[in-house]
Amino acid sequence: MRIAPELAWQTIDGEGIVVDLPRRRLLGLNPVGSFIWARIGRVSEDEICAEVATAFEVEEAQARRDVRAFFARMQDRGFLVAS
Amino acid sequence: MAVRASHALQERALRHAQPLSALLELTYACNWRCVFCYNPRHHDQRRMSGAEWTKVVADLRQLGTLNVTVTGGEPLTHPEAFEVMEAVRSQAMTFRLYTNGSLVTDEVAQRLAALRPITVELSLHGASSGTHDRSTATPGSFDALWRGVAALKAHGLPIVLKTPLTRINENELEEMIALTEREGVPYNLDATLTHRDDGDSAPLQYSVTPEGLDRYYALLARHNRVPASHRTFGGVNCGLGRTTLAVDPEGNVYPCPQWRKSSLGNVRDTPLLELWHGSSVRAEAAAVAQQANDALLAAGGPMARFPFCPAVAQERTGDPLHADPLHLLEAQAAEKARLAASR
């Protein structure tokens, strides 16, 4: 999974902002979403889950559900594509 | 779409000195000779290569930049201009391109469209070829501009036309607005001319006349678009030294596009990341942005409510904290127009 090349994005004080260039829209990510987003394509999904669990002090199973739900939402929007 | 972070995000970027916006001047070279241009010359001596710009772009990503402006000179005269724009997009940042349009062929427009710039911004210097070409000192430039606009439109690129208002074109103000409306292109005007980057004040002789300023601000007031600043004590005037930076064609780094009094250093000697985080020049410029805000509020009058550029004031009078006569003239014209429109 990787971030779609049509997007631009940056993190501002820990908060992710995504620019959807084809649709010319901005999307702000919440803290958990921003944390996950900044790791996509850099580390594996398993590592993201483990880091979310540690950073947000939740069970790893909960972290995995959150990460997968986030991935699904981002794929629906076309923000994530297969590597 | 103007890609601007929300006010809250801008505030956070200001607090953390995160340069959200960066201006890259690829080259001094230009095929036009605009009489009021800020460029000190129209040729390069030690221009950076595409590979050098690519390193700068990678550092911008690390610094937290989101929006890059690619400009010149005429940036499309740089043989590796596309390499730089492609590097910006591959680093997941947005860019806008400032161009005079004369080198925009169908092929160039097609390559640009694939990169999805936020805007391609071109300058309109008059409603007639006579006025436009007199401003650019380049016969045929008016027609070249419109050929470029047509090529960009054909590929669906988001175009913005803009005019530096001068005493040469101020009498065609209404005609320029009508022309851009007919073309269906967003349009911006700016009445501020600046010194050349080497300090030469020659461009200021073309500054719009006081009567032209009054007409311009009356027009803005009719559309409720007179610019205003909402200052509070302890705030900052602008992103100088905090949320903006500029890199010139030879790699010198400045704390905003206008501030040329002192450089943070050169990216050929020191990586941009180190320059931004370690430079006392950046910290001093950031302090100026705060001091100017409080000084303008303390002085009161129309400048307390009007946008102010410390870098421009620095060039004009050597004092970046107080309004120079041209800033004051604009603020007074804006205030007069706002009052007249409210009656």
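Located above this text is the structure these notes cover.
Cut-offs used in this document
- Residues numbered from 1 in each chain as written.
- Chains lettered and ligands numbered in written order.
- Predicted model: local features only at pLDDT ≥ 70, side-chain atom pairs only at ≥ 80, totals over all residues.
- Heavy atoms only, no water.
- Helix = DSSP H or I, 4+ residues; strand = E, 2+ residues; numbered from the N terminus.
- Buried < 20%, exposed > 50% of the residue type's maximum accessible area, 1.4 Å probe, protein only.
- Contact = heavy atoms within 4.5 Å.
- Areas by Shrake-Rupley, 256 points an atom, 1.4 Å probe, with all protein chains shown as cover.
- Lys, Arg positive; Asp, Glu negative; His and termini not counted.
- Charge placed at Lys NZ, Arg CZ, Asp CG, Glu CD.
- Pairing = 2+ DSSP bridges.
- Axes fitted to C-alpha atoms, helices over the stretch in contact; angles between N-to-C directions.
- Polar contact = N/O pair within 3.5 Å; in protein donor to acceptor, adjacent residues only side chain to side chain.
- Disulfide = S-S within 2.5 Å.
- Salt bridge = Lys/Arg side-chain N within 4 Å of Asp/Glu carboxyl O.
- Phe/Tyr/Trp six-rings, centres within 6.5 Å; stacked < 30°, edge-to-face > 60°.
- Lys NZ or Arg CZ within 6 Å of the ring centre and 35° of its normal.

### Section: the overall build of chain A
The helix and strand inventory of chain A stands at three helices and five strands. Secondary structure elements of chain A occur, N-terminal to C-terminal, as β-β-β-β-α-α-α-β. Principal axes of the C-alpha set define a box for chain A whose edges measure 35 × 30 × 20 Å. Looking at chain A as a whole, 40% of its 83 residues are labelled buried. Of the contacts made within chain A by residues no fewer than 6 positions apart, 42% connect residues no fewer than 24 positions apart. Taken as a whole, chain A presents about 4,400 Å² of accessible surface, with 47% of it coming from carbon and sulfur. Put simply, chain A has 11 plus and 13 minus side-chain charges, and the middle of one group is 8 Å from the middle of the other.

### As for the sheet that holds strand 4 (residues 25-28) of chain A
All names here are of chain A. Within the open sheet, the three strands sit side by side as 2-3-4. Their pairing is antiparallel. Taken across any chain shown, the strands that pair with only one partner, and hence form the sheet edges, are strand 2 (7-12) and strand 4. Across the sheet, the mean angle from the axis of one strand to that of its neighbour is 20°, orientation sign disregarded. Summarising the sheet, strand 3 (residues 15-20) and strand 4 pair through four bridges and their orientation is antiparallel. Within strand 4, the residue paired with Asp20 across the bridge is Arg25.

### Topic: the side chain of Arg260 of chain B
All names here are of chain B. Counting through the fold element by element, Arg260 comes out in the loop between strand 8 (252-254) and strand 9 (265-266). Engagement of the side chain of Arg260 in a polar contact is seen with the backbone oxygen of Pro257, the distance being 2.8 Å. Excluding residues within four positions of it along the chain, Arg260 makes contact with Leu23, Glu25, Asp197, Ala246, Asp248 and Tyr254.

### Some thoughts on the state of the cysteines
Residue and element names in this part refer to chain B. Counted by the stated rule, this structure contains zero disulfides over all chains. Cysteine Cys30 shares no disulfide, and the gap to the nearest cysteine sulfur, in Cys34, comes to 6.2 Å. Taking relative accessible area as the criterion, Cys30 reaches 18% and is therefore assigned buried. Cys34 takes part in no disulfide bond, and the closest cysteine sulfur, belonging to Cys37, lies 6.1 Å away. The exposure class of Cys34 is buried, given its relative accessible area of 15%.

### Focus on the pattern of salt bridges
The tally for this structure, following the rule as stated, stands at 22 salt bridges over all chains. With a shortest N-O distance of 3.2 Å, Arg12 of chain B and Asp13 of chain A are connected by a salt bridge. Of this pair, Arg12 of chain B sits in helix 1 (residues 7-16) while Asp13 of chain A sits in the loop between strand 2 and strand 3, placing the two residues on different chains. For Glu52 of chain B, the salt bridge identified is with Arg268 of chain B, shortest N-O distance 2.9 Å. In this pair, Glu52 of chain B is assigned in helix 2 (residues 50-63) and Arg268 of chain B in the loop between strand 9 and helix 9 (272-278), connecting sequence segments 216 residues apart. Taken together, the shared-partner salt bridges connect Asp13 and Glu15 of chain A together with Arg12 and Arg15 of chain B into one network.

### Quick word on the packing of aromatic side chains
For the coordinates displayed, the defined rule picks out six aromatic pairs over all chains. Ring centres of Trp9 of chain A and Trp37 of chain A lie 6.3 Å apart, and the angle between their planes is 90°; this geometry places the pair in the edge-to-face category. Taken together, the positions of Trp9 of chain A in strand 2 and Trp37 of chain A in helix 1 (residues 31-37) put the pair 28 residues apart, joining distant regions of the chain. In this structure Trp9 of chain A comes out as buried when scored by relative accessible area, which is 10%. Ring centres of Tyr217 of chain B and Phe306 of chain B lie 6.1 Å apart, and the angle between their planes is 65°; on these two criteria the pair is classed as edge-to-face. Here Tyr217 of chain B is found in helix 8 (residues 210-222), whereas its partner Phe306 of chain B is found in the loop between helix 10 (280-299) and helix 11 (310-317), with 89 residues between them in sequence. Neither residue differs from the other here; Tyr217 of chain B and Phe306 of chain B are each classed as buried. Joined through ring pairs, the aromatic side chains of Trp9, Trp37 and Phe79 of chain A make up one cluster. A cation over an aromatic ring shows up here: Arg61 of chain B above the ring of Trp9 of chain A, its NZ or CZ 4.3 Å from the ring centre.

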